Amino acid sequence: MKSVIKNAEIDFSKWIAELKSKIHLKRNKMIFSLNSQLIEIYWELGKDIYGKQLSAKWGSNFIDKTVEELRKEFPEIKGFSRRNVYAIVQWYKFYSSKYQIVPHRVAQLPWGHNRLIISKIKNIKEAEFYLSVSALNGWDRDTLEIQIDNNFYAKSGKSINNFRKRLPLKQSKAAEQSLKDPYNFDFLGLENDALEKAIEDEIAKNITKFLLELGKGFAFIGRQYKIEISDNDYFIDMLFYHTQLHCYVVIELKAGKFKPEYAGKLNFYLSAVDSQIKKKGDNPSIGILLCKQKDKIEAEYALRDINKPMGISEYKLTATVPKNIKTSLPSVETIEAELARKEILKLK
C-alpha cells in the first residue's frame, strides 16, 4: 500500500512539473512574438543611428535630437530614452560585427536581458552562450545576472561525463549543457570541512537556491529517497525529474574526494530508478555525482565502462578561514572595549 501511495506522489510531482513547463513554454512563445518585433525595431534604430554617426555631419548631439523627435512621435514607447538609445547603438555595434540581421538568439530574449549581456560580456562567443542558455532555461533577468557573475560560461560543459556514449546526440548535448563544474554552494553558509549530512540538511533548507544553482528544469522529488531491492533498502541522496530532458536525475553527494567506487554505486541506483520508477515516454535516467574534489584521469577511467549516463562535478563551499588568521582577528569583546575607550576619550 505504501509503495502505491509513494508512486502516486511521484507521478503527481512529475505531472505537475511537466504541466508548469508546458504553460511556461506557451507563455514564453506569446511573449517572444511581441518581444521579437521590438528587438527588430531596436536593430533598425541602432543600424540607422550608427550609420549616420559614420557618414553624416550633423554634429555630436544629433542622437539627442533624434531621441527628442522619437519621444514626441512615440510617447507610448518607453525605450526611446536617451540612455536606452545609446545602449541600443552599442548593442547593434556589438552584434553587427558578426551579423547582418538580428540573430535569432538575440531576438529570443527580452531587451533587458540583451542589455545586461552587452554590459557585462565583451566577447561575442560568450554572449551567444548566455543568449542560448537563457532562452533554453527560461531565466529571468536576475537569474541571468547571477549566472554571469558566477561565470557560468566557464563552468558549463566542464563536468566529466559519458553522456555522448550513453545518450542520443540531442539529449546528450542538452544534458552536457545542464551540468556545471564546479557548483557554487556558498549559499549554504558551510565551511569546507562540512560533513555530508550537514550539507544535505542545509540543501533541504535552501532547496529553492539549490534548484537555482542546478539550473532550469529540475523538479525536486525527494531526499534520502528509499528504493527496495530484494530484501534490502537503499537511500538515494536526492531524486529529481528534469522537465526539459524528460528523465529522472539521481544526485549523489560526497563530502570528500571522488573515489571510483562511487560511480559503481550511482550506476546501481540508476538501474533501480529505470526499473522501478521510469515510465513509458521517459528518457534514460541520468546521474550526477557531486564531490568536493576529483582527479580528472581517475574520473574518466571510472566512467569508461559504466553503462548508465552520468557526470562527475565538484562543488565549492565557503572557504575556511585559516587558523593563523583566525587567531589574529580581534574578539567581539576586544572590539567593544576599544569602541568604549574611544567614546570615553571623546567625552574628555
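Shown above is the structure to which this text applies.
What counts and what doesn't
- The written sequence of each chain sets the order in which its residues are numbered from 1.
- Selection of residues for local features in this predicted model requires a pLDDT of at least 70, selection of side-chain atom pairs for listing and counting requires 80 or more, and totals for whole chains, interfaces and linings are taken over all residues.
- Computation of side-chain values covers all heavy atoms of the structure but excludes hydrogens and water.
- Residue burial is assigned from relative accessible area. The probe radius is 1.4 Å, only protein chains are included, and a residue is buried under 20% of its type maximum, exposed over 50%, and partly exposed in between.
- Secondary structure counts use DSSP, requiring at least four H or I residues in a row for a helix and at least two E residues in a row for a strand, with both numbered from the N terminus.
- Here, any two strands with at least 2 DSSP bridges between them count as paired.
- Crossover handedness is defined by viewing with both strands directed away from the observer: a clockwise path from the first strand over the helix to the second marks the crossover as right-handed.
- Among buried residues, those of type Ala, Val, Leu, Ile, Met, Phe, Trp, Tyr and Cys that are joined through side-chain atoms within 4.5 Å constitute a nonpolar core.
- Contacts between residues were defined by any pair of non-hydrogen atoms, one from each residue, lying within 4.5 Å.
- Each Phe, Tyr or Trp ring (for Trp, its six-membered ring) is paired with any other whose centre lies within 6.5 Å, and the angle between the two planes then decides the class: stacked below 30 degrees, edge-to-face above 60, tilted in between.

Caption draft 1: Representation of the pairing of strand 6 (residues 286–293) in the model. Burial of strand 6 is extensive: 6 of the 8 residues sit out of reach of the surface. Alignment of strand 5 (residues 247–257) against strand 6, held across 7 bridges, turns out to be parallel. Within strand 6, the residue paired with Glu252 across the bridge is Leu289. For the segment spanning strand 5, helix 13 (residues 260–276) and strand 6, crossover handedness is right-handed. Pairing of strand 6 with strand 7 (residues 310–316) involves 5 bridges; the strand directions are parallel. Note on strand 7: the bridge partner recorded for Gly287 is Met310. Following the chain from strand 6 across helix 14 (residues 296–304) to the adjacent parallel strand 7, one finds a crossover that is right-handed.

Caption draft 2: Broad picture of the nonpolar core. By size, the foremost hydrophobic cluster in this structure holds 37 residues, and its most contacted members are Trp91, Tyr95, Ile117 and Tyr130. Counting residues per element, the ones that place at least two in this core are helix 1 (2–55), helix 2 (62–73), helix 3 (82–96), helix 4 (104–107), helix 5 (111–120), helix 6 (124–137) and helix 7 (141–149). Ranked by the residues each element gives to this core, the list is headed by helix 3, at 8 residues. With residues near it in sequence (within four places) discarded, Ile117 still touches Tyr95, Leu109, Ala127, Tyr130, Leu131, Leu144 and Ile148.

Caption draft 3: Expanded view of the pairing of strand 3 (residues 218–229). Note: strand 3 against strand 4 (residues 232–242), 10 bridges, orientation antiparallel. Its bridge partner being in strand 4, Tyr225 is matched across the sheet by Ile236.

Caption draft 4: Inspection of the packing of aromatic side chains at higher detail. A complete count under the given rule lists 21 aromatic pairs for this structure. Plain terms: the ring middles of Phe218 and Phe240 are 5.9 Å apart, the flat faces sit at 90 degrees to each other, and that makes the pair edge-to-face. Here Phe240 lies in strand 4 and Phe218 lies in strand 3, a separation of 22 residues in the sequence. Exposure class is identical for Phe218 and Phe240. Each is buried. On the numbers, 4.9 Å between centres and 75 degrees between planes, the contact of Tyr241 with Tyr248 is edge-to-face. Cluster of aromatic residues (ring-pair linked, three or more members): Tyr183, Phe185, Phe187, Phe210, Phe218, Phe220, Phe240 and Tyr315.

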